[in-house]
Amino acid sequence: MTRTSLVGALRSPLTFSVLAGLVIGALFLVGTGADPFTAYGAVVTGALGADGIGSTLTTGTSVLGLALALAVPLRAGLINLGGDGQMVLGGITAAVTGLNSPLPAPLTVVLALLAGTAAGAGYAVLAALCENHLGVPLLVSSLLLSYPAVSLASYLARYPLKEPGSSLPQTRALPDGVALPAFGASTVTLGLVLVLVAAAAYWFTDRRTALGYEIRMTGLNSRFAAYAGVERRGLTLRLMSVSGGLAGLVGAIGVLSFPYRFVDGSLTAPGYTWTGLTAALLAGAAPLGTVIAAFFFAVLQVGGLAMERTTEVPRELTQVLQAVVIVFLAARLRFPGRLFRKREAV
Amino acid sequence: MLLDSDLVMSALRALTPILLAALGGALCERAGVFNIGLEGMMLLGCFTSVATSWFTGSPWLGVLAAALAAAAYSLILAVGAVTLKGDAVVLGIAMNLLAVGLTSFLLRTVFGVQGTFDDPSLQGLPLIGGFSPLAYLSWAAVAVAALLLSRHVWGLRLRGVGEAPDAAATLGVRPATYQYAVILLSGVLCGLAGAQLALGNVTLFTENMTAGRGWIAVVAVMLGRAAPLGVLLAALLFGLAEAAGFRLQGLGLPQQATDAAPYVVTLGALFLTTARRRRLPRPSGARP
């Protein structure tokens, strides 16, 4: 790396934001009486060590899936905040399909994945229709639609579909064989491969196709894109169906992996949607960057648990860290640069 | 009987936090700042009010601390969006996330508990005539904001900043000053909203206890077209939905149905109003 490109990388808002996040996290650690080096060391060894790597890849599957789901519309400047609802509907649909399908187990798995994807896509399209035909901003319609979906899935898991005799709010376990194959004895399943394939497809579309170019152009300057003939409503509809489909797929993968059933809250409680959005924002929705950012945050999330065990600092610190990174990035702060330069006249 | 005076009373209680937050959001909207950080500022207000009330024994100091803390927090939006010209939408989302993490983190480091902090000796706000003092304050704030925007020169300039910032700047009005003022004011109002939620409606703190109310406030700003009286009506709609939900739960409807009710009603109202006038005013900070 030449000297100028090194300086350039250091001064990029991205590097600054991540470093600033880590420094502020360190201040918090010092504030609670922990040694930042021990704590961060525990995060890294806890997430990437032999005991943690499986967990990191499992969490990474969900985080990356939702990061992609949110990156696809974000590339065109659209923000889908309804990931929770779309994911949960995908999960409960996959569970119902898996429990009731008359097909042999391997085909049932495929059917459940497709059904979950379709459910998420269909629900996300609803939000797109709200924006296109009712003028309700996507940001708001997708988020508000998410709450009833989460409530509905919760109701289904607690009452009509509840496992008889169980005290937990969960559906019955899927039949034998209705599960995504796992790698060895780990909890990492074929779902990781599916999500990585989706990332590769996104990279290809973004870089190599006219559609990808239209999406990026809309994100950079939507008026110019419209002038150049990009049909915005259709694009919104298509992007949201892909976005919701990916979120639904993540829900289906969650149900078809351990514990092989829909458990109320297990998909939404870890906050995959928000972590995924944070990753997509950090990467500016660029395909490769989104993959890297998603795994960075998966490491933080899983490593946070190890940090909590070693230093007794609550794992919620990693959530603070994520948000701080995005605050800095959104304000477009960078190394000395802007703060010390004379501001242009208003 | 579903609709009676009890229901109206509980609706009026439920609407107070939404109304306070939405008033702040409406003022920001008028000055051309799309503020979707209401949820986070409110949540920070919830925690600060509970922590302060617990340590000092005075809910009033809790209210004051909540207002100050949320105002300080709102500086992130002011500096980021107004001075550094960052993206207000992304900043707002990040502020909401940060507040969830920060309050959960502090809940565990300060009180050593996870989930909920609930203690019999925690002092809540007193009720006067069935309402907390903050409820009366919120109604007064509607009147003050309405008069300010329609009659006072400050309000007229504020609207000028939002509608034509360049023209306002030409006339010697500094847009940034007005935008900082309304963002800080929205912080104060959201802090009060949080205090009302945590010390008025109940007397406890739960992780993520705002549960989307800040977002409902954002919708109330749109529904009410950023006018104080319109915002009041929109917040009343939400209050009725929440109160009716609780009532129906008492009649045996599952909790999940009533949890979803306010969001469904809010969405329904959005559909109805936009079906009538076709398009909502687009939030100023949102992408075209």
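Just above, that's the structure.
Residues numbered from 1 in each chain as written. Chains lettered and ligands numbered in written order. Predicted model: local features only at pLDDT ≥ 70, side-chain atom pairs only at ≥ 80, totals over all residues. Heavy atoms only, no water.

Draft legend 1. Structural context of the overall build of chain A. When you go through chain A residue by residue, the secondary structure sums to 15 helices and zero strands. Its C-alpha atoms give chain A a radius of gyration of 21 Å, within 12% of the compact-globule value 20 Å for 346 residues. Its C-alpha atoms put chain A at 70 × 55 × 35 Å along the principal axes. A buried classification covers 55% of the 346 residues belonging to chain A. In chain A, the share of contacts with a sequence separation of at least 24, taken over all contacts with a separation of at least 6, comes to 75%. (Helix = DSSP H or I, 4+ residues; strand = E, 2+ residues; numbered from the N terminus. Rg over C-alpha atoms; globule rule 2.2 N^0.38 Å. Buried < 20%, exposed > 50% of the residue type's maximum accessible area, 1.4 Å probe, protein only. Contact = heavy atoms within 4.5 Å.)

Draft legend 2. Spatial organisation of the overall build of chain B. Check the secondary structure of chain B and you find 11 helices and two strands. Element order for chain B, N to C, with α for helix and β for strand: α-α-α-α-β-α-α-α-α-β-α-α-α. Compactness check: chain B gives a C-alpha radius of gyration of 19 Å against a globular reference of 19 Å for 288 residues, within 12% of the reference. For chain B, the spread of C-alpha atoms along the three principal axes comes to 55 × 45 × 35 Å. Put simply, chain B has 288 residues, and 56% of those count as buried. Summarising the internal contacts of chain B: among those between residues at least 6 apart in sequence, 79% fall at separations of at least 24. Here chain B has roughly 11,200 Å² of accessible surface; of this, 66% comes from carbon and sulfur atoms. When the 17 basic and 12 acidic side-chain charges of chain B are each reduced to a single mean position, those positions are 14 Å apart. (Areas by Shrake-Rupley, 256 points an atom, 1.4 Å probe, with all protein chains shown as cover. Lys, Arg positive; Asp, Glu negative; His and termini not counted. Charge placed at Lys NZ, Arg CZ, Asp CG, Glu CD.)

Draft legend 3. Broad picture of the pattern of salt bridges. Residue and element names in this part refer to chain A. All chains considered together, the criterion is met by nine salt bridges over all chains. Ionic pairing is found between Glu 163 and Arg 261, a salt bridge with its closest N-O pair at 3.1 Å. With Glu 163 in the loop between helix 7 (138-158) and helix 8 (190-208) and Arg 261 in the loop between helix 11 (232-256) and helix 12 (272-282), this pair connects stretches of sequence that are 98 residues apart. The same class applies to Glu 163 as to Arg 261, namely buried. (Salt bridge = Lys/Arg side-chain N within 4 Å of Asp/Glu carboxyl O.)

Draft legend 4. Structural detail: the interface of chain A and chain B. Opposite the 47 residues of chain A that make contact, chain B presents 48 residues. Inspection of the region where chain A meets chain B yields two salt bridges. Among the salt bridges present, the one from Arg 108 of chain B reaches Glu 316 of chain A, with a minimum N-O distance of 3.1 Å. The interface formed by chain A and chain B includes four residue pairs in polar contact (both at pLDDT 80 or more). Broken down by secondary-structure element, the contributors of at least two residues to the side of chain A that touches chain B are helix 6 (105-134), helix 7, helix 12 and helix 14 (317-330) of chain A. Sort the elements by how many residues they give to the side of chain A that touches chain B and helix 7 of chain A lands first, with 11 residues. (Polar contact = N/O pair within 3.5 Å; in protein donor to acceptor, adjacent residues only side chain to side chain.)

Draft legend 5. Seen up close, helix 2 (residues 38-56) of chain B. All names here are of chain B. End to end, helix 2 covers 26 Å across 19 residues, agreeing with the expected 27 Å (1.5 Å per residue, within 8%). Most of helix 2 sits inside the fold, with 16 of its 19 residues counted as buried. Gly 57 occupies a position one or two residues after helix 2 and carries a positive phi of about 80°. (Expected span 1.5 Å × (residues − 1).)

Draft legend 6. Layout of the environment of His 133 of chain A. By the secondary structure assignment, His 133 of chain A is in helix 6. Along the sequence, His 133 of chain A and Leu 267 of chain A sit 134 residues apart, while their C-alpha atoms lie 31 Å from each other.

Draft legend 7. Region of the structure containing the side chain of Asn 80 of chain A. Residues and elements named next belong to chain A. Checked against the element boundaries, Asn 80 lands in the loop between helix 4 (53-74) and helix 5 (83-100). Asn 80 gets classed as buried once you look at its relative accessible area, which sits at 2%. Polar contacts involving the side chain of Asn 80 include one to the side chain of Gln 86, which spans 3.0 Å. If we ignore the near neighbours within four places in the chain, the residues touching Asn 80 are Leu 70, Pro 73, Gln 86, Ser 142, Met 240 and Ser 243.

Draft legend 8. Layout of the side chain of Ser 142 of chain A. Residue and element names in this part refer to chain A. Among the secondary structure elements, Ser 142 is positioned in helix 7. Engagement of the side chain of Ser 142 in a polar contact is seen with the backbone nitrogen of Leu 81, the distance being 3.0 Å. The residues contacting Ser 142, other than those within four sequence positions of it, are Ile 79, Asn 80, Leu 81, Gly 82 and Ala 127.

Draft legend 9. Local environment of the packing of aromatic side chains. Residue and element names in this part refer to chain B. Overall, the coordinates contain 16 aromatic pairs over all chains when judged by the stated rule. Ring centres 6.1 Å apart and planes at 70° place the aromatic pair Phe 47 and Phe 111 in the edge-to-face group. Linking Phe 47 in helix 2 with Phe 111 in the loop between helix 4 (88-110) and strand 1 (116-117), this pair joins segments that are 64 residues apart in sequence. (Phe/Tyr/Trp six-rings, centres within 6.5 Å; stacked < 30°, edge-to-face > 60°.)

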